[in-house]
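Reading the structure
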Amino acid sequence: MKSLWIAAAFAVLAGACSKSESEAVAGAPNAPAAAQKTAAQRTSATSYPKIAIDTDAGLFWFEPRRCSVGPDADSGVLSFSMEGAGQSPDGQAVYVTLEDEDDNPEQGLEMRINVGTDQPFKTPEIVWIANDAVAHGLRIPAAKPVIEGQRITIDGLVFTRGGHERLTAKAAIQIDCSRRK
C-alpha cells in the first residue's frame, strides 16, 4: 500500500516538474504568480448559463458575463441588460449584447450579435441587429420580452445585417439572470 502511494506521489511530482510555468497547478503554493492571479480571476468572475439563439442559419450561443434585471434607478421602469462572448454556427467568435431602452419605455429591446470578436468595444466583422426599427423596416411585429422575476423570454426576434440580409430566431430565447455558475 505504501509503495502504491509513493508511486502516485512520484507520478504527480514528475508531471508537475515537466510542465511549463503556464501549465503549473495554479492552486499550488509555489505556483507562478501569473497562474495564481488567473485562477483567482476565474473563480471571482461571475458567469451565467449559456444562452442559445436558434436561428434559420444555425445555433448561436453566448455565456453572459453580465446579466441584470431590475427597475431603472431614475425612472423606476423595469429594464434589463446583458452581454457576453460565445460562438456562431460556423465556429466564429461572437459577442452578444442585449438591452432594452429603459430611458424610453415605448421603445423595445435591442439585441446585437457581433460576429468576429469575443470582446466588447471591438469592431466586429459582421453585426446582426434586432430592434424595433429593424422590425418596422421588415414589416414584422417587434419582439416583446416577457419578464418574470430574473427570467426573460424573448420570442419572435428577427435580425438584419445591412438592412437587407435577414436572420430569424426559430425559437424563444430563454435567459435566467438568477442562476450563476
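Our subject is the structure listed above.
Owing to the predicted nature of the structure, the values given are computational and were not obtained by experimental measurement.

Moving on, we come to the state of the cysteines. Throughout this description, disulfide means a covalent bond between two cysteine sulfur atoms. One pass over the structure, following the stated rule, counts one disulfide. Two residues, cysteine 67 and cysteine 177, share a disulfide whose sulfurs are 1.9 Å apart. Torsion about the S-S bond of the cysteine 67 and cysteine 177 cystine: about -70°, corresponding to left-handed handedness. On the criterion of sequence distance, the pair formed by cysteine 67 in strand S2 (residues 58-71) and cysteine 177 in the segment after strand S11 (173-176) is long-range, its members being 110 residues apart. Both residues of the pair, cysteine 67 and cysteine 177, count as buried.

On to the side chain of glutamate 83. Tracing the sequence through the fold places glutamate 83 in strand S3 (residues 78-87). Residue classification places glutamate 83 among the buried residues on the basis of a relative accessible area of 11%. At 2.4 Å, the side chain of glutamate 83 forms a polar contact with the side chain of arginine 65. At 2.5 Å, the side chain of glutamate 83 and the side chain of tyrosine 95 are in polar contact. Not counting the four nearest positions on each side in its chain, glutamate 83 is found in contact with Glu63, Pro64, Arg65, Arg66, Tyr95, Val96, Thr97 and Pro120.

What follows covers the pairing of strand S5 (residues 109-115). Taking burial as the measure, the seven residues of S5 include five buried ones, the bulk of the element. Direction of pairing for strand S4 (residues 93-100) relative to S5: antiparallel, over a ladder of seven bridges. Within S5, the residue paired with glutamate 99 across the bridge is glutamate 110. Summarising the sheet, S5 and strand S6 (residues 126-130) pair through five bridges and their orientation is antiparallel. Paired with asparagine 114 across the strands is valine 127, a residue of S6.

Parameters at a glance
- Residues numbered from 1 in each chain as written.
- Predicted model: local features only at pLDDT ≥ 70, side-chain atom pairs only at ≥ 80, totals over all residues.
- Heavy atoms only, no water.
- Disulfide = S-S within 2.5 Å.
- Helix = DSSP H or I, 4+ residues; strand = E, 2+ residues; numbered from the N terminus.
- Buried < 20%, exposed > 50% of the residue type's maximum accessible area, 1.4 Å probe, protein only.
- Polar contact = N/O pair within 3.5 Å; in protein donor to acceptor, adjacent residues only side chain to side chain.
- Contact = heavy atoms within 4.5 Å.
- Pairing = 2+ DSSP bridges.

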